[in-house]
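# Secondary and tertiary structure notes
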Protein chains: 2
Amino acid sequence: MLDHLHKSLPPWHEADDAIGARVLEGDLLFPVAVLREDAIAANRAWMRSFLEATGVSIAPHGKTSMSPELFAMQIADGAWGMTAATAHHVRLYHHLGIRRVIHANQLVGAADIRLALDLLAGDPGFELYSLVDSLAGVERLAAAHRQSGLGRPLCLLLEMGAPGGRTGVRSREEGIAVARAVAAAPGLALSGVEVFEGVFQGQPDGPAKVEAMLDDVLALATTADAEGLYAGEEIILTGGGSAFFDRCARRLVVPTLSRPVRTVIRSGCYISHDDNLYRRLFAELLEREPSCAAWGDGLQAALEVWAPVQSVPEPGRIIAALGKRDAGYDAGLPLARFHYRPGVHAAPVPIEGELVITGLYDQHAVLEGTLAVEVGDVLGFGISHPCTTFDRWRALFLVDEARQVTGHVTTLF
Amino acid sequence: MLDHLHKSLPPWHEADDAIGARVLEGDLLFPVAVLREDAIAANRAWMRSFLEATGVSIAPHGKTSMSPELFAMQIADGAWGMTAATAHHVRLYHHLGIRRVIHANQLVGAADIRLALDLLAGDPGFELYSLVDSLAGVERLAAAHRQSGLGRPLCLLLEMGAPGGRTGVRSREEGIAVARAVAAAPGLALSGVEVFEGVFQGQPDGPAKVEAMLDDVLALATTADAEGLYAGEEIILTGGGSAFFDRCARRLVVPTLSRPVRTVIRSGCYISHDDNLYRRLFAELLEREPSCAAWGDGLQAALEVWAPVQSVPEPGRIIAALGKRDAGYDAGLPLARFHYRPGVHAAPVPIEGELVITGLYDQHAVLEGTLAVEVGDVLGFGISHPCTTFDRWRALFLVDEARQVTGHVTTLF
């Protein structure tokens, strides 16, 4: 049940969770974040088709939405697991009943390590895979495991990086040394190789660097297998943020190792998609993989934030009632995509470029442009990078095409 | 009580709310956001001195922290009211027992207006002041009040703006026209004049523009008084974000009107302060008002985020376990301010410039610099613009100088 902690919900809608509320008519408090149900359904279907066509698994990165309801949709769609960013996320996912988690980060702090080991000790069926990229990291984890007395191993994926990148070993030689250390450490198990190739997104030579990273992953995975370093029934090869998951799905499929390879992509943004960054990245994906255009209309922007015009203080200058506390701005400012005048328009009127946000304050957006708007008009904003908009909301409302509320999802940031 | 929804709290600390946990030793899950108790106390004392010296009132902007515990401190310190950014905030504040609220924004959406009128109808002692800057706005509010049948007026502050600024009337003439419309509208009451002069913060001619805005506020306030447009026992003149509140406290004190003038500043950031944007702005304030340097050491940065070094993949390149989901980045990236090596250092070692964040991902920070660090070292980060760090946490831990937990505050974003 939603309550007074949920930004858009007026008290008179608490009992019915706002079903039927008309966002465009101001039935909810502004600003309002919505997810278009049709777009969510299209995105889920598209990803199912992609996974079927490529034969790979997905562990969607939950950090995007941190929404139990969206997680449930992803699991219902057959997700192999979920990806977590922090030990706290791992705990929360376990609390939500998720049985298999890739912790796409490294356990370093004492409490973080203890939490992971406690979860493994307390729930023998819970599967967790964390990362490591250094001998120092291996030693810390091995020591903690030894002290814990845990009766099952801590499963690790070797993190492959690249010079100038983020975490991850910088060379195959470094990688195999760390892999050997994991395999040799009592209490640790090497389960596969991990990469976050998205670190090079936005760089002109990014695609080439991605291919080189994937070459390294394959070489390292093969060498580690030849040396017999893996434990477990499968070898996990995982990569694929939301920018290059197609490349990981194509490249990290290796049928020739000594045991079955499980290829796992981790895109978290596909379910909401967006109107800017991931729209562009998806267009690039379709250029690389034209066959992916066969499944419906492709990924659709589901996430919108709606806010009213509160002031038109100068010709061509408009102030809308949304700000940094409501929408992300780290990968481009929100885009004014729809205009609606209550009592006049029958449906939101698509706009593009007629109004542009030129300044974003904590709670106000300054727009400039040619569109004639009045105080009380309502604007629908698309966003760029869904993660940093989701984390500004404890609830987002599911809406139909008329932006009438059909349900909601919560978030646990 | 804190629980599994609070990012840094491991399960074994739920029962004791983490009192005594040593952040530096990794007793909590990383990253951890902390508030230094000594700095909070110093900031509260400083603001009390400022208010006493200037004789003005404060309604701190709650959007900064949205923390009931920090609100309680501010009210205990004698705050005249609290400032809200949205109708949702107004409702939440009322729920928290706050009796006087400046809604420093305009009520536009149907539900937003209804919520405000409902609160006024249901709680005769609740005081609310909202803003208006246009005849269109006045008409909407008057119509809604008429339809509601509310037996008391909706109190409004005329919002004074400036050309090229945000909301607010652009001239004294426009302002007096709106003020007359408010005074003439049944159901509406003109309670004073509001300005957000902080809109020009960061501009070379910002200070001059601030003075011009304050001139306009005074002129408008005086004219409206001469025309007998005010209702209520006091005339409220309010301005003062965290950049220029000294100027508002000096300039908006007018003893010559027909009834008492209540000057209200609205700084929200003073209680946590920061290490970058507001540190600079406070230095500018002390230059303008050297007498303010008399009260202790001035405002102190209370808010820190702590995270471990998880990887040192290349010489001079360090990856720490915090990111955009943990710390604000809209007014400068977090600053590495302290280095601590468990088992080696007795206390955090101050650093400045030896390590600089050069890239911030959702959950990782890339640092470059000369400081020799190892996997497992812990770094303390100062932040810039507290608002956008507070809203990434449901709980922040109060700590002593050793960063040992003494309590916590929650947030309700």
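Residue positions are given per chain, counting from 1 as you read along its sequence in written order. As a convention, the first chain written is A and the first ligand written is 1, with the rest following in written order. Totals for whole chains, interfaces and linings use all residues, but because this is a predicted model, local features are given only for residues with pLDDT of at least 70 and pairs of side-chain atoms are given and counted only at 80 or more. The side-chain quantities take in all heavy atoms of the structure and omit both hydrogens and water.

## Section: the domain arrangement of chain A
Interfaces are often sized by the amount of accessible area the parts lose when they come together. Residues and elements named next belong to chain A. Heads up, the condition is: Note that the domain bounds were set by an automatic or database domain assignment. Each of two parts loses accessible area, computed with a 1.4 Å probe, when they are put together; buried area is these two losses added. In what follows, salt bridge is the name for a side-chain nitrogen of Lys or Arg lying within 4 Å of a carboxyl oxygen of Asp or Glu.
When its domains are assigned, chain A resolves into domain 1 (11-37 + 298-410) and domain 2 (39-287). On a C-alpha basis, the centroid separation for the pair domain 1 and domain 2 is 34 Å. Area buried by domain 1 at its contact with domain 2 is led by Leu-299, Phe-390 and Thr-410, which between them contribute 30% of it. On inspection of domain 1 and its partner domain 2, the count reaches one salt bridge. Among the salt bridges present, the one from Arg-337 reaches Asp-275, with a minimum N-O distance of 3.2 Å.

## Quick word on the side chain of Asp-133 of chain A
We count it as follows: Only DSSP runs of H or I with at least four residues qualify as helices, and only runs of E with at least two residues qualify as strands; both kinds are numbered from the N terminus onward. When accessible area is computed with a 1.4 Å probe and restricted to protein chains, residues below 20% of their type maximum are described as buried, those above 50% as exposed, and intermediate ones as partly exposed. Charged residues are defined narrowly, with Lys and Arg counted positive, Asp and Glu counted negative, and His plus the chain ends left uncounted. Contacts described as polar in this section are N or O atom pairs within 3.5 Å, which, within protein, must combine one atom able to donate a hydrogen with one able to accept it, while residues neighboring in sequence count only if both atoms come from side chains. Contacts are assigned to residue pairs that have any heavy atoms within 4.5 Å of one another.
Inspection of the secondary structure assignment puts Asp-133 of chain A in the loop between β5 (127-132) and α5 (135-148). Within the buried set, Asp-133 of chain A has no salt-bridge partner at all; the shortest N-O distance to an opposite charge, 5.8 Å, is to Arg-170 of chain A. Among the polar contacts made by the side chain of Asp-133 of chain A, one reaches the side chain of Gln-106 of chain A at a distance of 3.2 Å. Among the polar contacts listed, one links the side chain of Asp-133 of chain A to the backbone nitrogen of Gly-168 of chain A, at a separation of 2.8 Å. The residues touching Asp-133 of chain A, leaving out its near neighbours within four places in the chain, are Gln-106, Glu-159, Thr-167, Gly-168, Val-169 and Val-178 of chain A together with Gln-310 and Ser-311 of chain B.

## Focus on the sheet that holds strand β6 (residues 154-160) of chain B
All names here are of chain B. Which entries qualify depends on this criterion: At least two DSSP bridges between two strands are required for those strands to pair. Every axis corresponds to a line fitted to the C-alpha atoms, with the helix fit spanning only the stretch in contact, and the corresponding angles, defined between N-to-C directions, vary from 0 to 180 degrees.
Strand order in the open sheet made by the eight strands is β2-β9-β8-β7-β6-β5-β4-β3, with parallel pairing throughout. With one partner strand each, in any of the chains shown, β2 (57-58) and β3 (82-84) form the two edges of the open sheet. Sheet analysis places strand β7 (residues 188-195) next to strand β8 (residues 235-239), joined by three bridges and oriented parallel. Note that in β8 the partner of Gly-192 across the bridge is Ile-236. On the sheet, helix α7 (residues 206-226) packs against β6, β7 and β8 and is oriented at approximately 160° with respect to β7.

## Digging into α5 of chain A
Within an α-helix, residues lying three or four positions from one another point in the same direction, as the helix has 3.6 residues per turn. Residues and elements named next belong to chain A. To keep it simple, the criterion reads: By this rule the span expected of a helix is its residue count minus one, scaled by 1.5 Å.
With 14 residues, α5 extends 20 Å from end C-alpha to end C-alpha; this agrees with the ideal 20 Å at 1.5 Å per step. Gly-137, Val-138, Leu-141, Ala-142, Ala-143, Ala-144 and His-145 are the residues of α5 that are buried. Residues of α5 that are buried sit in contact with α4 (110-122), β5, β6 (154-160), α6 (172-184) and β7 (188-195). Gly-149, located one to two residues past α5, shows a positive phi value of around 70°.

## Topic: the side chain of Ser-67 of chain A
Residue and element names in this part refer to chain A. With respect to the secondary-structure elements, Ser-67 resides in the loop between β2 (57-58) and α2 (68-76). Accessibility expressed as a relative area gives 0% for Ser-67, which makes it buried. Within the structure, the side chain of Ser-67 is placed 2.7 Å from the backbone oxygen of Thr-410, a separation counted as a polar contact.

## A few points about helix α3 (residues 87-95) of chain B
Residue and element names in this part refer to chain B. Of all nine residues in α3, seven are buried, a share of seventy percent or more. When we look at burial in α3, the residues that qualify are Ala-87, His-88, His-89, Val-90, Arg-91, Leu-92 and Tyr-93. The inward-facing, buried residues of α3 abut α2 (68-76), β3, β4 (100-106), α4 (110-122) and β5 (127-132). The first or second residue beyond α3 is Gly-97, which carries a positive phi of 95°.

## Things to note about the environment of Asn-105 of chain A
Here Asn-105 of chain A is to be found in strand β4 (residues 100-106). In this structure the C-alpha to C-alpha distance between Asn-105 of chain A and His-6 of chain A, which are 99 residues apart in sequence, comes to 30 Å. Beyond its immediate sequence surroundings of up to four residues, Asn-105 of chain A is in contact with Ala-85, Ser-130 and Leu-131 of chain A together with Gln-310, Gln-363 and His-364 of chain B. Engagement of the side chain of Asn-105 of chain A in a polar contact is seen with the backbone oxygen of Ala-85 of chain A, the distance being 2.9 Å. There is a polar contact of 2.8 Å between the side chain of Asn-105 of chain A and the side chain of Gln-310 of chain B.

## Description of unusual backbone geometry
Of the consecutive residues Phe-30 of chain A and Pro-31 of chain A, the connecting peptide bond is found in the cis state with omega at -10°. Examined against the element boundaries, Pro-31 of chain A turns out to sit in the segment before β1 (32-36). Phi is positive for His-273 of chain B, close to 55°, though the residue is something other than glycine. By the element assignment, His-273 of chain B lies in the loop between β9 (261-265) and α9 (277-288).

## A short note on the packing of aromatic side chains
The following threshold applies: A pair of aromatic rings is counted whenever rings of Phe, Tyr or Trp (Trp by its six-membered ring) have centres within 6.5 Å, and the orientation is called stacked for planes under 30 degrees apart, edge-to-face for over 60 and tilted otherwise. A ring has a charge above it when a Lys NZ or an Arg CZ is no more than 6 Å from the ring centre and no more than 35 degrees off the ring normal.
A complete count under the given rule lists 19 aromatic pairs over all chains for this structure. Between Phe-50 of chain B and Phe-245 of chain B, the aromatic rings sit 5.1 Å apart at their centres with planes inclined by 85°, giving edge-to-face as the arrangement. Highlighted residues: Phe-50 of chain B in helix α1 (residues 37-54) and Phe-245 of chain B in helix α8 (residues 245-251), separated in sequence by 195 residues. Across this residue pair, the class does not change: Phe-50 of chain B and Phe-245 of chain B are buried. One aromatic cluster is present, built from ring pairs that chain together Trp-46, Phe-50, Phe-245, Phe-282 and Trp-295 of chain A. The lysine or arginine in question, Arg-403 of chain A, covers the ring of Phe-338 of chain A, its NZ or CZ lying 4.6 Å from the ring centre. In this structure, Lys-324 of chain B packs its charged tip against the face of Tyr-329 of chain B, placed 5.9 Å from the ring centre.

## Things to note about the relation of the copies chain A and chain B
To keep it simple, the criterion reads: Least squares is the method for superposing the copies, and the C-alpha atoms it fits come from residues with pLDDT of at least 70 in both.
Once turned by 180° and shifted 0.0 Å along the axis, chain A lies on chain B with an RMSD of 0.0 Å. Within this description, the copies of the chain are treated as partners about a two-fold rotation axis. Looking at chain A, 100% of its interface residues are interface residues in chain B too, so the copies touch through the same face.

## Some words on the interface of chain A and chain B
Formally: Residues are sorted three ways: Asp, Glu, Lys and Arg are charged, Ala, Val, Leu, Ile, Met, Phe, Trp, Tyr, Cys and Pro are nonpolar, and all the rest, Gly among them, are polar.
Across the contact, 78 residues belong to chain A and 78 residues belong to chain B. Of the roughly 6400 Å² buried where chain A meets chain B, counting both sides, 53% is carbon and sulfur surface. For the pair chain A and chain B, the number of links is ten salt bridges. Close ionic contact of Arg-91 of chain A with Glu-14 of chain B constitutes a salt bridge, the shortest N to O distance being 2.2 Å. On inspection of chain A and its partner chain B, the count reaches 43 residue pairs in polar contact (both at pLDDT 80 or more). Contributions of two or more residues to the side of chain A that touches chain B are made by α3 (87-95), β4, α4, α5, β10 (303-314), β11 (317-320) and α10 (387-390) of chain A. Each residue belonging to the side of chain A that touches chain B can be placed in one class, and the counts come to 31 nonpolar, 24 polar and 23 charged.

## Describing the pairing of strand β15 (residues 365-369) of chain A
Residues and elements named next belong to chain A. Examined bridge by bridge, β11 and β15 share four bridges and lie antiparallel to one another. Across the sheet, Arg-317 pairs through a bridge with Glu-368, a residue of β15. Looking at chain direction, strand β14 (residues 355-360) and β15 are connected through five bridges and run antiparallel. From the neighbouring strand, Leu-355 faces β15, where its bridge partner is Gly-369. In this structure, the hairpin formed by β14 and β15 is closed by a connection of four residues.

## A look at the nonpolar core
The following threshold applies: Side-chain atoms within 4.5 Å are what join buried Ala, Val, Leu, Ile, Met, Phe, Trp, Tyr and Cys residues into a set we call a nonpolar core.
Within the largest apolar cluster, 236 residues are counted, with the highest numbers of intra-cluster contacts made by Leu-35, Ile-265 and Leu-367 of chain A together with Leu-35, Ile-265 and Leu-367 of chain B. Among all residues touching Leu-367 of chain A, those that are not within four sequence positions of it are Gly-316, Arg-317, Ile-318, Ala-320, Ala-336, Leu-355, Val-356, Ile-357, Thr-358, Leu-379 and Phe-381 of chain A.

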